[in-house]
Amino acid sequence: MNLGWLNADIVQAFGVALATVIGAVTARQAGQVRQLQARVTELESQDLTDADRYRTLVRLVRQFQRQRDDLALTVGRVDPTVKVPEAPTVPDWLAGDL
């Protein structure tokens, strides 16, 4: 087997080319990782914001229900024939938190 073409210069050039390709792929992946980390951070902060909004919504619904109950008691004392409006239907996904 004749390996005359496989000299130190060719091996070194091949090594440099391979290192360049690996460096380029690594740099591209690092950029993608930075973008994904930024997106994860954004989504986590959005999740906290959504959770705060949800808690506020639940509190508001509870306040409306208390107000309705208070109105029902007040109207019932003043004029028992007046019908108190029905409460809105609570979706199943929200019922557990009320």
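Look a little higher up for the structure.
Basis of the calculations
- Residues numbered from 1 in each chain as written.
- Predicted model: local features only at pLDDT ≥ 70, side-chain atom pairs only at ≥ 80, totals over all residues.
- Heavy atoms only, no water.
- Helix = DSSP H or I, 4+ residues; strand = E, 2+ residues; numbered from the N terminus.
- Buried < 20%, exposed > 50% of the residue type's maximum accessible area, 1.4 Å probe, protein only.
- Areas by Shrake-Rupley, 256 points an atom, 1.4 Å probe, with all protein chains shown as cover.
- Patch = residues over 30% accessible without salt bridge, like charges linked within 9 Å, V, L, I, M, F, W, Y side chains within 5 Å.
- Salt bridge = Lys/Arg side-chain N within 4 Å of Asp/Glu carboxyl O.

In this section: the overall build of the protein. A count of helices and strands for the protein gives two helices and zero strands. Looking at the protein residue by residue over its 98 residues, the buried ones come to 4%. Only carbon and sulfur atoms are counted for the fraction: they give 61% of the accessible area of the protein, which is about 8,600 Å².

So, about a nonpolar patch on the surface. Together, Trp-5, Leu-6, Ile-10 and Val-11 make up a nonpolar patch on the protein surface, roughly 390 Å² of accessible area in all. Along the chain, Leu-6 falls in the segment before α1 (8-78).

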